[in-house]
Amino acid sequence: MVVASSCEQSKKNEAARERALQAVEMVLAVDTVQPVDSFALEHAILMAKAVESEYQIAGDEETAEAFREAFEEALSERNPELAAQLLDTAER
């Protein structure tokens with residue numbers, strides 16, 4: 001039973017990571033267009049936060065954390081300057 005639960009959580013975390021990568025793609029798609037549409041960028045970031053909140057509202061903090069970590073890691077790898085700006089703002 002513990003193995004099944006662990007496997008199920010692993011699948012949830014993998015799905016959260018995939019959603020995080022999609023969210024990063026959305027953010028980067030907006031950020032790479034010049035001039036940057038600040039409203040569209042804010043919307044993409046809020047959509048990512050909404051996904052994380054879905055997991056938290058469902059009481060699944062582990063999956064929310066998997067999403068958050070994957071989002072931050074992928075964004076940091078692909079656009080370190082934007083990540084530093086966004087993640088620094090989020091920590092305040």
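Please read these numbers as outputs of a predicted model, since none were measured by experiment.

1. Brief notes about the packing of aromatic side chains
In the structure shown here, the tally under the stated rule is 2 aromatic pairs. Considering the side-chain rings of tyrosine 55 and phenylalanine 67, the 6.4 Å spacing of their centres and the 45° angle between planes classify their relative orientation as tilted. You can see tyrosine 55 sitting in helix 2 (residues 38–57) and its partner phenylalanine 67 sitting in helix 3 (residues 61–78), a full 12 residues away along the chain. The exposure classification of tyrosine 55 matches that of phenylalanine 67, with both residues buried. Measuring from ring centre to ring centre gives 6.2 Å for phenylalanine 67 and phenylalanine 71, while their planes differ by 15°; the resulting arrangement is stacked.

2. Some points on the pattern of salt bridges
The final tally for this structure, using the stated rule, is 8 salt bridges. In this structure, lysine 49 engages glutamate 52 in a salt bridge whose closest nitrogen and oxygen atoms are separated by 3.3 Å. Of the two residues, lysine 49 and glutamate 52 are both situated in helix 2; the distance of 3 residues between them amounts to about one turn of the helix. Under the relative-accessibility criterion, lysine 49 is labelled partly exposed at 43%. Look at glutamate 52 and you get buried, because its relative accessible area is 6%. Residue arginine 68 pairs with glutamate 61 through a salt bridge whose shortest N-O separation is 3.4 Å.

3. Considerations on the side chain of asparagine 79
Position of asparagine 79 relative to the elements: it lies in the loop between helix 3 and helix 4 (80–91). When its relative accessible area of 16% is taken as the criterion, asparagine 79 is described as buried. In contact with asparagine 79, not counting residues within four places along its chain, are Leu28 and Asp31.

4. Structural notes on a negative patch on the surface
Where like charges cluster on the molecular surface, the negative patch consists of Glu69, Glu72, Glu73 and Glu77. One can find glutamate 69 in helix 3.

Basis of the calculations
Residues numbered from 1 in each chain as written. Predicted model: local features only at pLDDT ≥ 70, side-chain atom pairs only at ≥ 80, totals over all residues. Heavy atoms only, no water. Phe/Tyr/Trp six-rings, centres within 6.5 Å; stacked < 30°, edge-to-face > 60°. Helix = DSSP H or I, 4+ residues; strand = E, 2+ residues; numbered from the N terminus. Buried < 20%, exposed > 50% of the residue type's maximum accessible area, 1.4 Å probe, protein only. Salt bridge = Lys/Arg side-chain N within 4 Å of Asp/Glu carboxyl O. Contact = heavy atoms within 4.5 Å. Patch = residues over 30% accessible without salt bridge, like charges linked within 9 Å, V, L, I, M, F, W, Y side chains within 5 Å. Areas by Shrake-Rupley, 256 points an atom, 1.4 Å probe, with all protein chains shown as cover. Lys, Arg positive; Asp, Glu negative; His and termini not counted. Charge placed at Lys NZ, Arg CZ, Asp CG, Glu CD.

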